[in-house]
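# Structure assessment
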Amino acid sequence: SPYTITYFAVKGRCSALKIMLADQSQTLKENLVTFDEWGKGDLKKTCVYGQLPKFEDGDLVLFQSNAMLRHLGRKHGAYGKNDHEAAHIDMMSDGVEDLRLKYIKLIYQEYETGKEAYIKDLANHLSKFEAFMAKNKSGFLVGDKISFADYNLFDLLLNHKVLCSTCLDTFPTLKKFVDTMSARPKIKALLESDDFKKLPINGNGKQ
Ligand code: GSH
């Protein structure tokens, strides 16, 4: 497969993409960048927004992790069966991004002072995904087929289970979703692989 990802040795913003590619039976070449190497600045200068991850699909070079998810969603039939579904998939994935940004802010800016309040407020956010998914009945966010928004949500829920192991206990649909996603054979194999397990979730050791 022609896919290449260039990123730091963390799960971070690449793990949803890796889960998706594994589940879709696609191989991915990984270039790991150390923080020392990044600090030299040469690679940074070549990045459209001065940041990683960088994704390559043949001649196509992409920055922005959500653009990568959408590109792969389009290519691998994980972006709904019509425009109506695609719009809802966008809506859900943008909601995942909103929560991911809050999570990243907690991890990198206020872990010591903000964790308790974050966990207290978390149910308010998770309940929105719970309600939307529960209405759909298929076990996925939108339609009856897996989409990039499902992979994105799944990844963020895994991170939150590490932050707070009980956070899904009051959300049966999300809990079942995480269990079902984790049991998909190719996802299970990825999550249990040493290459994946050895990566910390975040770059500062907090989780
Ligand atoms: N919105 C971007 C995306 O989704 O790809 C965010 C990218 C981002 O925050 N990259 C961080 C980075 O490159 C690592 S996760 N930090 C190093 C730097 O900014 O110099």
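Just so it is clear, the structure is predicted and the values come from calculations on it, not from any experiment.

The rules behind these values
- Residues numbered from 1 in each chain as written.
- Predicted model: local features only at pLDDT ≥ 70, side-chain atom pairs only at ≥ 80, totals over all residues.
- Heavy atoms only, no water.
- Buried < 20%, exposed > 50% of the residue type's maximum accessible area, 1.4 Å probe, protein only.
- Helix = DSSP H or I, 4+ residues; strand = E, 2+ residues; numbered from the N terminus.
- Pairing = 2+ DSSP bridges.
- Right-handed = clockwise from strand over helix to strand, strands pointing away.
- Contact = heavy atoms within 4.5 Å.
- Axes fitted to C-alpha atoms, helices over the stretch in contact; angles between N-to-C directions.
- Near = heavy atom within 4 Å.
- Polar contact = N/O pair within 3.5 Å; in protein donor to acceptor, adjacent residues only side chain to side chain.
- Areas by Shrake-Rupley, 256 points an atom, 1.4 Å probe, with all protein chains shown as cover.
- Nonpolar A, V, L, I, M, F, W, Y, C, P; charged D, E, K, R; others polar.

### Overview of the pairing of strand β1 (residues 3–8)
Two faces, one strand: in a regular strand the side chains alternate between the faces of the sheet. By the criterion of burial, β1 is predominantly enclosed, with six of the six residues buried. Bridge count for β1 against strand β3 (residues 54–57) is four bridges, and the pairing is antiparallel. Bridge pairing links I5 to F55 in β3. Running through helix α1 (residues 15–23), the crossover from β1 to the neighbouring parallel element strand β2 (residues 29–33) is right-handed.

### Here's the deal with the environment of L153
With respect to the helices, strands and loops of the structure, L153 is situated in helix α7 (residues 148–163). What makes L153 buried here is its relative accessible area of 1%. Taking the C-alpha atoms as reference points, L153 and T6, 147 residues apart in sequence, are found 22 Å from one another. Dropping the residues within four chain positions of it, L153 is found in contact with V96, F129, M133, L141, L174 and F177.

### Comments concerning the side chain of S147
In this structure, S147 sits in the loop between α6 (111–136) and α7. Taking relative accessible area as the criterion, S147 reaches 1% and is therefore assigned buried. Leaving out residues up to four positions away in the same chain, S147 has contacts with A78 and I89.

### Observations regarding the environment of M20
Relative to the helices and strands, M20 is located in helix α1. Residue M20 is classed as buried on the basis of its relative accessible area of 0%. A sequence separation of 49 residues divides M20 from L69, and the C-alpha atoms of the two residues are 8.3 Å apart.

### A few points about the sheet that holds β3
Ordered by their spatial adjacency, four strands build an open sheet running β2-β1-β3-β4, and the pairing between neighbours is mixed. At either margin of the open sheet sits one strand with a lone partner, and together these are β2 and β4 (60–63). Each strand axis lies, on average, 15° off the axis of its neighbour in the sheet, ignoring direction. In the sheet, β1 pairs with β2 via five bridges, with the strands oriented parallel. Across the sheet, residue T6 finds its bridge partner in β2, namely N31. Packing against the sheet, helix α4 (residues 65–75) makes contact with β1, β3 and β4, and its axis sits at approximately 135° to β4.

### Observations concerning the site of the ligand
Near the ligand the following residues occur: Y7, F8, R13, W38, K44, G50, Q51, L52, P53, Q64 and S65. L52 places a main-chain nitrogen or oxygen 2.7 Å from a nitrogen atom of the ligand. One of the side-chain N or O atoms of Q64 is found 2.7 Å from a nitrogen atom in the ligand. Within the complex, the protein chains bury 71% of what would otherwise be the 510 Å² of accessible surface of the ligand. For the shell around the ligand, the residue count by class is five nonpolar, four polar and two charged.

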